[in-house]
2 protein chains.
Amino acid sequence: MDFDRTYDLYRRQVEKEIKKVFPKRKPGSLYMPADYILSSPGKRLRPVLVLASADAAGGDINTCMNAALSVEMLHNFTLVHDDIMDNADTRRGLPTLHIKYDISTAILAGDSLLAIAYEYLLKDAGAKGGRAVSSFTTGLIEVCEGQSLDKEFELRQSVKVSEYITMITKKTAAMMQMCCELGAILAGAKTAYIQRMSDFGRNLGIAFQIQDDLLDLLGDSTSTGKKCGGDLIEGKKTFLFLTALKNSEGADRRELELFIRNKGIQESEISRFRDIFERTGAIAKSKKEIIRYSSIALENLNGIKNKEKREFFHELTFSLIKREK
Amino acid sequence: MDFDRTYDLYRRQVEKEIKKVFPKRKPGSLYMPADYILSSPGKRLRPVLVLASADAAGGDINTCMNAALSVEMLHNFTLVHDDIMDNADTRRGLPTLHIKYDISTAILAGDSLLAIAYEYLLKDAGAKGGRAVSSFTTGLIEVCEGQSLDKEFELRQSVKVSEYITMITKKTAAMMQMCCELGAILAGAKTAYIQRMSDFGRNLGIAFQIQDDLLDLLGDSTSTGKKCGGDLIEGKKTFLFLTALKNSEGADRRELELFIRNKGIQESEISRFRDIFERTGAIAKSKKEIIRYSSIALENLNGIKNKEKREFFHELTFSLIKREK
């Protein structure tokens, strides 16, 4: 099995279908802005997780394509509303929705992405309706709670590493968890199997987010498309930062405390902070945690009987934690 | 049967349960703002419609209380997001959510109201899951489309009366339609019966909204809690305005066209516009349309076999179109 080819096969099917969602709907004042974000290019990781999870559980991916589209819509709903809250001007090199249009249009386009997500989910939910819709709704609730904690942490002076893990579990991992669950549910898998895929998605999601924090600091800005050290400039209390703070003393600690008071640093200070993160072992600890969560994720995959389909998820895990963007 | 007593019985049960939704949930940064709007006093019309509709179809209202709460959460979700889009500072005499907190908090609290609405709906949906959740989702989609049309009409020079009816059907009536459907679905009613209750809710909703426009102009500001003529000051193209425009000529027409260009009028001009609406027959036409839509609504109630329960809906219809706030 060629991982890239298989991933691309899933992704291309999603891409083909997702372009059809909005253009035919009226009013255009609502659905054109929604289409602007939904059609913009991306990895389509979440719908691919749904399809691959259904596939691995022996299901037919054609019977969960609408559910796969629904998670991508849910994901885009969070992007649109988060970008307003975060005052973000660009996403993937394009103007964010509230910049291209205005805040009102973006709020409403986000709402409609969520509404149409439920419409699509219900097309596939059928007899397994209750469980699939519950799983989706739990994912939605967690992502709202995660975003709220993220905003709360921006204002708080002190945040524990464990609180940070709770936040990213809700904000990032819960949706990947839900995608893996959804595929298995719609494929008619048994409860214990669904649970293992659910655990896989959550652990993968946590590893994915810590990796994201690390990429922001160490990644090549030409491949990430983001400014290197952007989290530091914005004053984000990431896993790296909180770990460094916990492990630091003396001058390093004072610098990190100043970072909190000043809500971030200047671009010229990034390399000094990278050194602090190195010295305090925060970078090493991040790498260790990424390995730890993805190892648990890999173990969670043991329920997948088909070797080739199991290997797809193995490679997916490796590709996400090795990724450069 | 005493209508007021019965309404109040439904309303008090909703009030009792709705206060329990958010206080126990964490994080408080998300759910306290959501509770602020959900707990603020109101008519609770939409959940009462769910309960009364289930009751009239022979169902047990205890088996659809969560669904009733879910429609009130959906309604409050729309209020929170609409208030941001409309730049509204107060609602029911209290500061709106984005004024009391900030826009980010209000966007997210609105999102969480919708998320928890689905959670509650699913508690009651059970075996009838698919249909109830579809009905709810359609209501949600229509309310987004209606709000989008409303914002679009603010920017457009020309809007037809029929387009206005489409807009209020989606923005206001679709949710009342859904509430009546939901009660009947959860009570296990037959398709034809559900359809009639659905039609009732929609027609009632259209009458309700035209009445709302009329109240804004003619209502007593001490009982409505809104400034009299607020729609005129804000430049809203209401049923009254669009009808007056269609029927006017000469100086009246020029004034109405100036209203569009200037996006509204001064407070001192309200009584002159009231006279134009009177002269052009717009007020008479509004009253006629309210009667027409509520008459159709009353006919839609013929499916309700129990005389007392049918009369409750009759009286509800009368009370809404005679209301002063």
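Residues numbered from 1 in each chain as written. Chains lettered and ligands numbered in written order. Predicted model: local features only at pLDDT ≥ 70, side-chain atom pairs only at ≥ 80, totals over all residues. Heavy atoms only, no water.

A look at the relation of the copies chain A and chain B
Taken as rigid bodies, chain A and chain B are interconverted by a rotation of 180° and an axial shift of 0.0 Å, the fit giving an RMSD of 0.0 Å. On the angle and the small slide along the axis, the relation comes out as a two-fold axis. The overlap is high: 100% of the interface residues of chain A also sit at the interface in chain B, so the same surface is used on both sides. (Least-squares fit on C-alpha atoms with pLDDT ≥ 70 in both. Contact = heavy atoms within 4.5 Å.)

Comments concerning the packing of helix H2 (residues 28-38) of chain A against helix H6 (residues 103-125) of chain A
Residues and elements named next belong to chain A. For the pair H2 and H6, interaxial distance at closest approach is 9 Å and the crossing angle is 80°. Of the possible angle classes, the one that applies to H2 and H6 is roughly perpendicular. Facing Ser29, Leu30, Tyr31, Pro33, Ala34, Ile37 and Leu38 of H2, the residues of H6 in contact are Thr105, Leu108, Ala109, Ser112, Leu113 and Ile116. Grouping the constituent residues of the contact of H2 with H6 by class yields 10 nonpolar, 3 polar and no charged. (Axes fitted to C-alpha atoms, helices over the stretch in contact; angles between N-to-C directions. Helix = DSSP H or I, 4+ residues; strand = E, 2+ residues; numbered from the N terminus. Parallel < 35°, antiparallel > 145°, perpendicular 65-115°, else oblique. Nonpolar A, V, L, I, M, F, W, Y, C, P; charged D, E, K, R; others polar.)

Digging into the interface of chain A and chain B
Facing 32 residues of chain A, the contacting portion of chain B comprises 32 residues. Carbon and sulfur atoms make up 75% of the area that chain A and chain B hide from each other, which totals about 2,700 Å². Connecting chain A to chain B are 0 salt bridges. At the boundary of chain A and chain B, one finds 10 residue pairs in polar contact (both at pLDDT 80 or more). Contributing elements (two or more residues each) for the side of chain A that touches chain B: H2, helix H4 (65-85), H6 and helix H7 (129-155) of chain A. (Buried area = accessible area lost by both parts, 1.4 Å probe. Salt bridge = Lys/Arg side-chain N within 4 Å of Asp/Glu carboxyl O. Polar contact = N/O pair within 3.5 Å; in protein donor to acceptor, adjacent residues only side chain to side chain.)

Section: the environment of Phe273(B)
Residue and element names in this part refer to chain B. Structurally, phenylalanine 273 is set in helix H14 (residues 270-279). Exposure remark for phenylalanine 273: the relative accessible area of 1% places this residue in the buried category. In sequence terms phenylalanine 273 and glutamate 255 are 18 residues apart; their C-alpha atoms lie 8.6 Å from each other. (Buried < 20%, exposed > 50% of the residue type's maximum accessible area, 1.4 Å probe, protein only.)

Remarks on the pattern of salt bridges
Counted according to the given criterion, the structure contains 54 salt bridges over all chains. Note that Lys20(B) and Glu17(B) form a salt bridge whose closest N and O atoms lie 3.3 Å from each other. The partly exposed category is assigned to Lys20(B), whose relative accessible area is 43%. For Glu17(B), a relative accessible area of 23% gives the class partly exposed. A network of salt bridges, in which partner residues are shared, links Asp8(A), Arg11(A), Arg12(A), Glu15(A), Lys19(A), Arg44(A) and Glu72(A).

Details of the nonpolar core
Core analysis: the biggest nonpolar cluster contains 157 residues, and Met73(A), Phe313(A), Met73(B) and Phe313(B) have the highest contact counts within it. Sequence-distant contacts of Met73(B), that is, excluding residues within four places in its chain, are made with Val21(B), Phe22(B), Leu38(B), Leu113(B), Ile116(B), Ala117(B) and Tyr120(B). (Core = buried A, V, L, I, M, F, W, Y, C linked by side-chain atoms within 4.5 Å.)

What to know about the packing of aromatic side chains
For the structure shown, the criterion picks out 25 aromatic pairs over all chains. Seen in terms of ring centroids, Phe200(B) and Phe313(B) are 5.4 Å apart; in terms of plane orientation they differ by 85°. Their pairing is edge-to-face. Taken as a pair, Phe200(B) in helix H9 (residues 191-218) and Phe313(B) in helix H16 (residues 307-322) lie far apart in primary sequence, 113 residues in all. Three or more aromatic residues joined by ring pairs make a cluster, and in this case those are Phe3(A), Tyr7(A), Tyr10(A), Phe200(A), Phe312(A) and Phe313(A). Here the basic side chain of Lys123(A) rests over the ring of Tyr120(A), its NZ or CZ set 3.9 Å away from the ring centre. Here the guanidinium or amino end of Arg292(B) rests over the ring plane of Tyr293(B), the centre of that ring lying 4.8 Å away. (Phe/Tyr/Trp six-rings, centres within 6.5 Å; stacked < 30°, edge-to-face > 60°. Lys NZ or Arg CZ within 6 Å of the ring centre and 35° of its normal.)

Brief notes about unusual backbone geometry
The residue after Lys26(A), namely Pro27(A), is reached through a cis peptide bond having omega 0°. By the secondary structure assignment, Pro27(A) is in the loop between helix H1 (3-18) and H2. Notably, Asn87(B) is not glycine yet its phi reads approximately 55°, a positive angle. By secondary structure assignment, the location of Asn87(B) is in the loop between helix H4 (65-85) and strand S1 (90-91).

Examining the confidence of the model for chain A
The predicted model of chain A averages 95 in pLDDT, with 96% of residues at 70 or higher. At the level of chain-chain contacts, confidence expressed as ipTM amounts to 0.96, with global pTM at 0.96. (pLDDT = per-residue confidence, 0-100.)

A few points about the environment of Thr137(B)
Following the sequence through the fold, Thr137(B) ends up in helix H7 (residues 129-155). The buried category is assigned to Thr137(B), whose relative accessible area is 2%. For the pair Thr137(B) and Ile304(B), spaced 167 residues apart in sequence, the C-alpha separation works out to 25 Å. Non-local contacts of Thr137(B), meaning those with residues more than four positions away in its chain, are made with Ala115(A), Tyr118(A), Glu119(A), Leu122(A) and Tyr118(B).

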